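# Structural overview for review
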Amino acid sequence: MPQANRLARTTCPYCGVGCGVTATLENGQLIAVEGDREHPANYGRLCVKGTALHETLGEQGRLLKPRVDGEEVSWEQALTATAERLQAQRSAHGPQSVAAYLSGQLLTEDYYVANKLFKGFLGTPHLDTNSRLCMASAVAGYKRAFGADAVPCSYEDLEEAELVVLVGSNLAWNHPVLYQRLKVAKERNPLMRVVVIDPRVTDTCEIADLYLGIRPGSDAYLFNGLLAWMADHQRLDSVYLERHTEGLDDALSTARHNADSVEVVARECDVDAERLETFYYWFASQLHVVTLYSQGVNQSSSGTDKCNAIINCHLAGGKIGLPGAGPFSITGQPNAMGGREVGGLANQLAAHMDYHTPGARELVSRFWTTQHLTPALPDAPGYKAVELFDAIERGEITALWVMATNPAVSMPDGEKVRRALAKCPLVIVSECVANTDLLPFADIVLPASGWSEKDGTVTNSERRISRQRGMLPPPGEAKHDWWILCEVAKRLGVGEAFDYTHPWEIFDEHARLSGYENSGDTQRLFNISGLAGLGQAAYDALAPIQWPVTQQASRGTARLFEDGRFATANGRAKLLPITPRPPEQPLSDDYPLRLNTGRVRDQWHTMTRTARAPRLMNHRAEPFIELHPDDAAQAGLTDQGLAKLTAAAGEYCGRVRVSNAQRQGEVFVPMHWTDCFTKQGRSGALIKGYTDPLSGQPEAKQGAVAVSKLPIAWQATLLLANELDMQTSPWRRSDYWARIPMASCTRWQLADSQPVADWLAQVEAWCGVSASLWCDDPATGRLRAAGVVKGRLRWWLMVGPPDELPGLAWLEARFNDATLETPHRRRLLAGCDDGAVDTGPVVCSCHQVGKASIVKAIHSGDTSVEALGARLACGTQCGSCLPELKAILEEERPHARAKQTANTEVA
Ligand SMILES: Nc1nc2c(c(=O)[nH]1)N[C@H]1C(S)=C(S)[C@@H](COP(=O)(O)OP(=O)(O)OC[C@H]3O[C@@H](n4cnc5c(=O)[nH]c(N)nc54)[C@H](O)[C@@H]3O)O[C@H]1N2
Ligand SMILES: Nc1nc2c(c(=O)[nH]1)N[C@H]1C(S)=C(S)[C@@H](COP(=O)(O)OP(=O)(O)OC[C@H]3O[C@@H](n4cnc5c(=O)[nH]c(N)nc54)[C@H](O)[C@@H]3O)O[C@H]1N2
Ligand code: SF4
Ligand SMILES: [Mo]
């Protein structure tokens, strides 16, 4: 008998906005998701990644069984091997030879247990996290200024601000729901202004009143200049500075030294002086200013300084601790904040205490009862991510446990990291999916449960703790990360400290530690002791709440520092003297272009989950290289051609996107593609491992590369029935390939420098199925062919550039036909139904609306996104494509008008 639908509330596992999700479960399956209307992060909204969550689930492609040395084994064998081999490395090389590399995508409970096991009981400080690549500079900046890693703001502050400054943040794509909230607030408050500071014109600029397309890496000049300007124009809040801060004189004189006039700053930042001064004027004359910053600031060899340059300006103007004001570092991962809270960075201990916090080491030892252990809790920080992999390469660290991250892709100096992984005697990987670039390096593979299966908490960008709830059983033998860690702890002989039976017990311990001997003075700000002792039922029912949560603040805390007291020893916030530094990766004759890397709207990091939802592959299907028309022309590149980037550390191939959104001399590549999806498209291979000296965060936004045309003799598109899509696919030997999973087949884009003499023989050799129908044009080298076996379409091939492809939906559907009907069979080479129109590349992922349909609607009179939405439904669900719709409108309107005028004239 079918069970009735059940609704469950949980939290989205992607970005740091931390949206509440309501999931519909039917017959043990999660069949739909929508935004939780009561969740204070999103009030019912979801972005396109969130709305596709249920399409990423299912057993296929998941890791189902543990493996040791490539063999599937029982959990008992896997856990024993993990414990024994870790122990063996420790005995042979000492506790500090063992390391863990964690992730902001673990739940707080998983994270807490890992940190406690490695630092507390294995006695190694070498436990770091991918948040090092992400938030480390923001953390270091806050700690220097406020004495604690404390995000002062709430999302509401963005809505209440009069001026919102977005620095190095493509909010429209990367925190889409927050962007939507900001956009609505701006529509409601016509006085609100938005400034975007980013070398690239991004979709976020859609709502910008002012855009500053600065030279990459020059942000510190810009904010130093602002501080000096405020001082020169009597816009400092001297009362606030006097009462609540220190360090102004130093900060100001340093700022004046290197950014003493608008002209100097305009030159350093390569922006128009008048526009720059407009920004200064706006910032200085508003009290309610939020500066929201992200990876364009953090991922820099001077990221911490840039964060402080921003914070300086807020302190100097007293624009903090008020509604609608503050320096707001927006977090990337769903639980980067939770990881910081448990102490998951190598320079932290636990509960926001670090090695320099007086008495912290003794306190944590007492709490964990590790005082009498040898080795004891480490007394100095461990290696930060880049140093960690260097230490592995040196042979100093010999055992590494990686959880929920993929350093083989996301670390800078990718080839070096891979060498280190290959060399490391023991690599343990906890992972959900069966295919990643990291798994081939693993000696022990542990299948982990994933979103919808795991149970625990995450903290979003505004310090709000929400529950992720387990709704489905993990597939195969996959287990929860905390459980795996506890079982290994038992086999290492420290089981009594890890005898948890449910995540609520772990959360409870974490909450108690945060309040343990915490006198409540502001120095240990991270305090959620108000959430201790919940018990399982209250934990399960926990409603989203912002820390600190204490007896005095039992309903959480929306905003910090309202009383002007900071978490420093003397309670004062610090302004810091900032000397701007250029990027470490030098441009040269060999590598003359500045490389920028980042995200695309519909993919999440290494695509292990988002590529499982075919509609998310449509927006950007292949790795790409975006560059300015002049640079393209100089290198002889055309839009949609193929090109290669070369850097000192490695190479990258992708499809060319010629774009005016890029500054001249700069290229942008996405960070998402891996060896699972393309031949050579890992951005990490191009970046050197230079880091910020304070935070250890790598300079992922400022590489140096050269671009050249990829020499090719042909391009082809091969669609394959999924059964024929093999790991060893021989077409992978082509100079370029990109694999694009679709709903009922797999698409491959291929290109090579060697001509193919006989395509029909070639494709038969590749697929083992000969061509049933084909047509070719020897004059142009174009060919279309298809292989049909017993009435079923097995493959479809087009030799020619991909811009000649028909829309692929019709062809894709043919792979589902049990027997191809004659009319369909006849249309196979055309690739579409008779008279069918090509809808073009997908712009709106939610409703799968293509560009050609949009252009057609504009030409027939639609002049606004609303009109397009009414006609085609595009942009009416998550809204992420609205900026792109607007851009197409801008582009097409003149043509449409011309056409309409012409029509009128004819009439
Ligand atoms: N769709 C999607 N959303 C995501 C993610 C994802 O993978 N996909 N990942 C999540 C994670 S973990 C993170 S950390 C966030 C990141 O969110 P963002 O920080 O918004 O993402 P990025 O695209 O890496 O970089 C932001 C912008 O910085 C700009 N930039 C580069 N150099 C400079 C510079 O020198 N100065 C300034 N001012 N700007 C510069 C880039 O051009 C880019 O537009 O996104 C989160 N959200
Ligand atoms: N060039 C360049 N490099 C970058 C960046 C950039 O902008 N440019 N950005 C950096 C930033 S900000 C970030 S955050 C990183 C992100 O980079 P990564 O962390 O390496 O990327 P993900 O794909 O998110 O990796 C998460 C892995 O964990 C698995 N997983 C998911 N959930 C679970 C779970 O619950 N348990 C376990 N055990 N596994 C799980 C996923 O399948 C996936 O393989 O990349 C960094 N690298
Ligand atoms: S905005 Fe972020 S948290 Fe919200 S639905 Fe999208 S990816 Fe998930
Ligand atoms: Mo991140």
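All values reported here derive from a predicted model rather than from experimental measurement.

### Thoughts on the nonpolar core
Core analysis: the biggest nonpolar cluster contains 108 residues, and Phe-146, Ile-197, Leu-222, Phe-223 and Phe-279 have the highest contact counts within it. The greatest single-element share of this core, amounting to nine residues, is contributed by helix α8 (residues 219-232). Not counting the four nearest positions on each side in its chain, Ile-197 is found in contact with Val-165, Leu-166, Val-167, Gly-168, Leu-212, Ile-214, Asp-219, Leu-222, Phe-223 and Phe-279. Leu-79, Leu-426, Ala-511 and Tyr-539 belong to the second largest nonpolar core, which has 64 residues in total.

### Focus: the site of ligand 3
All residues adjacent to ligand 3 are Cys-12, Tyr-14, Cys-15, Gly-18, Cys-19, Leu-46, Cys-47, Lys-49, Gly-50, Pro-176 and Val-177. In a pocket analysis with a 2 Å cut-off to the grid points, ligand 3 is assigned to the second largest cavity. Mapped onto the shell around ligand 3, the elements with two or more residues apiece are α1 (48-51) and α7 (176-188). Classifying every residue of the shell around ligand 3 gives eight nonpolar, two polar and one charged.

### Remarks on the sheet that holds strand β6 (residues 98-102)
The seven strands are arranged β5-β4-β18-β17-β16-β6-β7 in an open sheet whose pairing can be described as mixed. If you trace the sheet from one side to the other, it starts and ends with β5 (71-72) and β7 (127-129), each paired once. Bridge analysis of β6 against strand β16 (residues 399-403) gives four bridges, and the strand direction is parallel. Residue Tyr-101 lies in a different strand from β16, and its bridge partner there is Val-402. Packing of helix α20 (residues 481-491) onto the sheet brings it into contact with β16, β17 (426-431) and β18 (444-447), and relative to β16 it is tilted by some 155 degrees.

### Description of empty space enclosed by the protein
Over the atoms, a rolled probe matching the size of one water molecule traces out where space is still vacant. This model, assessed by the stated rule, comprises four cavities of 30 Å³ or more. Taken as a whole, the second largest cavity spans an internal volume of roughly 80 Å³. Contributing to the lining of the second largest cavity are Cys-12, Tyr-14, Cys-15, Val-17, Cys-19, Leu-46, Cys-47, Lys-49, Gly-50, Pro-176 and Val-177. Broken down by secondary-structure element, the contributors of at least two residues to the lining of the second largest cavity are α1 and α7. Tallied by class, the residues present in the lining of the second largest cavity amount to nine nonpolar, one polar and one charged.

### Some details on the pairing of strand β29 (residues 714-721)
The side chains of a regular strand alternate, first on one face of the sheet and then on the other. Burial runs high along β29: eight of the eight residues are buried. Residues of β29 alternate between two faces, with Trp-714, Ala-716, Leu-718 and Leu-720 on one and Gln-715, Thr-717, Leu-719 and Ala-721 on the opposite face, all of them buried. Two elements, β29 and strand β31 (residues 745-752), share eight bridges in a ladder whose sense is antiparallel. Within the sheet, the bridge partner assigned to Leu-718 lies in β31 and is Trp-748. Of the pairings in the sheet, the one linking β29 to strand β34 (residues 792-799) comprises five bridges and is antiparallel in character. When the bridges of β34 are listed, Leu-720 appears paired with Trp-795.

### Quick look at the packing of helix α11 (residues 262-269) against helix α12 (residues 273-285)
Helix-helix packing: each pair is described by the crossing angle between the helix axes and the interaxial distance. Where α11 contacts α12, the axes come no closer than 9 Å and their chain directions differ by 115 degrees. In terms of axis orientation, α11 runs roughly perpendicular to α12. Considering the relative orientation of α11 and α12, their crossing is right-handed. Here α11 contributes Val-262, Val-265 and Ala-266 to the contact with α12, which in turn contributes Ala-273, Leu-276, Glu-277 and Tyr-280. Here the residues of the contact of α11 with α12 sort into six nonpolar, no polar and one charged.

Reading the values: rules and limits
Throughout, residues of each chain are indexed from 1 in the direction in which the sequence is written. Lettering for chains starts from A, numbering for ligands starts from 1, and both go in the order in which the items are written. In keeping with the model being predicted, local features are shown solely for residues with a pLDDT of at least 70 and side-chain atom pairs are shown and tallied solely at 80 or more, while totals for entire chains, interfaces and linings include all residues. Each side-chain value is derived from all of the structure's non-hydrogen atoms; neither hydrogens nor water enter the calculation. Side-chain atoms within 4.5 Å link the members of a nonpolar core, which is a set of buried Ala, Val, Leu, Ile, Met, Phe, Trp, Tyr and Cys residues. Relative accessibility decides the category of a residue: with a 1.4 Å probe and only protein chains considered, values under 20% of the type maximum give buried, values over 50% give exposed, and everything between is partly exposed. By definition, any uninterrupted DSSP run of H or I lasting at least four residues is a helix, any uninterrupted run of E lasting at least two residues is a strand, and each is numbered from the N terminus. By definition in these notes, contact holds between two residues if any of their heavy atoms fall within 4.5 Å. A single heavy atom is enough: if one lies within 4 Å of a molecule or strand, its residue is considered near that molecule or strand. A cavity here means a set of points on a 1 Å grid, drawn over the protein atoms and nothing else, where a 1.4 Å probe fits but cannot get out; a pocket is an open set with protein on both sides within 12 Å along at least five of seven lines, and a residue lines either one if it has an atom within 4 Å of a point. Think of it this way: a molecule belongs to a cavity or pocket when more than half its atoms come within 2 Å of the grid points there. Each residue receives one of three labels: charged for Asp, Glu, Lys and Arg, nonpolar for Ala, Val, Leu, Ile, Met, Phe, Trp, Tyr, Cys and Pro, and polar for the others, Gly being one of them. Should DSSP find at least two bridges between two strands, the strands are regarded as paired. Every angle, taken between N-to-C directions, lies between 0 and 180 degrees, and every axis is a line fitted to C-alpha atoms, over only the stretch in contact when it is a helix. Grid points are joined across faces, edges and corners, and a volume is the space filled by probe spheres set on the points. Our angle categories are set so that under 35 degrees counts as roughly parallel, over 145 as roughly antiparallel, 65 to 115 as roughly perpendicular, and the remainder as oblique. For any helix crossing, the convention is left-handed if the near helix is rotated counterclockwise from the far helix by under a right angle, and right-handed if that rotation is clockwise.

Any functional reading would require information that these geometric values do not contain.
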